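# Inside the fold
If you want the building blocks of each chain, they are given just below.
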Amino acid sequence: MSLLELFIIAVGLSMDAFAVSICKGLSVQKLKIKHALIAGLYFGGFQLGMPVIGYLLGIQFEQLITSVDHWIAFVLLGLIGGNMIKESFGKPEELNDKFNVKTMIPLAIATSIDALAVGVTFACLNVKIIPAVSLIGATTFILSAIGIKIGNVFGAKFKSKAEFIGGAVLILMGLKILLEHLGIISF
């Protein structure tokens, strides 16, 4: 998997955290840099950790699934992307202006569950996990911090668009993996 492909996946995975960060930014009356740093650390940290867990699970079953790994990648990325697109049309989330552990951990887990499945996909595709998760974590950190500022300035206008685009990107990456494996396309 190329660096560009990993970056595209990182951006796609980051869109949930970005969307929630926009909502968090919307809820803050007086924005401080610590708000952006807290969101970036929680969301980026969990987006870094979850694929590692998924990868470790995936390599346990690698020999059993090697012959169908491209289908697994396609289905997992398709399901994750489809769910993100579905959520982009859902009702707006409740605003909460707290950045404490009790508030941020459930949000970080909720926005990074899809990264767990991507970690399984990485195991199937023999992706070098440390550089991949580092890129995902850093990308999510940056986009979450930016999302806090955007939410504070512009409001919830971009939330559903971010989730939709992130979902579409993941579906397209899954399709690309499948089509490459089947020999229909090559990049």
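Coordinates for the structure precede this section.
Keep in mind it's a predicted model, so treat the numbers as computed, not measured.

Calculation criteria
Residues numbered from 1 in each chain as written. Predicted model: local features only at pLDDT ≥ 70, side-chain atom pairs only at ≥ 80, totals over all residues. Heavy atoms only, no water. Helix = DSSP H or I, 4+ residues; strand = E, 2+ residues; numbered from the N terminus. Contact = heavy atoms within 4.5 Å. Expected span 1.5 Å × (residues − 1). Bend = angle between axes of the 7 residues up to and from the residue. Salt bridge = Lys/Arg side-chain N within 4 Å of Asp/Glu carboxyl O. Axes fitted to C-alpha atoms, helices over the stretch in contact; angles between N-to-C directions. Parallel < 35°, antiparallel > 145°, perpendicular 65-115°, else oblique. Left-handed = near helix turned anticlockwise from the far one by under 90°.

Structurally, valine 169 is set in helix H7 (residues 159-181). Taking C-alpha positions, valine 169 is 22 Å from lysine 91, a pair spaced 78 residues apart along the chain. Contact partners of valine 169, with chain neighbours within four places excluded, come to Ile8 and Gly12.

Before going further, it helps to spend a moment on helix H1 (residues 3-27). Note: α-helices contain 3.6 residues per turn, so residues at a spacing of three or four share the same orientation. Counted at 1.5 Å a residue, the expected span for H1 with its 25 residues is 36 Å, and the 35 Å between its end C-alpha atoms agrees. Maximum bend of H1: about 40 degrees, positioned at methionine 15.

This part takes up the pattern of salt bridges. One pass over the structure, following the stated rule, counts two salt bridges. Ionic pairing is found between glutamate 5 and lysine 176, a salt bridge with its closest N-O pair at 2.1 Å. Here glutamate 5, found in helix H1, pairs with lysine 176, found in helix H7; they are 171 residues apart in sequence, far enough to count as distant. Overlapping salt bridges bring together Glu5, Lys176 and Glu180 as one network.

It is worth spelling out the packing of helix H4 (residues 69-88) against helix H5 (residues 101-124) at this point. Look at H4 against H5: their axes get within 9 Å of each other, and the N-to-C directions meet at 165 degrees. The pairing of H4 with H5 is recorded here as roughly antiparallel in orientation. For the crossing formed where H4 meets H5, the hand is left-handed. When H4 is examined against H5, the residues Asp69, Ile72, Ala73, Leu76, Leu77, Ile80 and Met84 are found in contact with a partner set consisting of Asp114, Ala117, Val118, Val120, Thr121 and Cys124.

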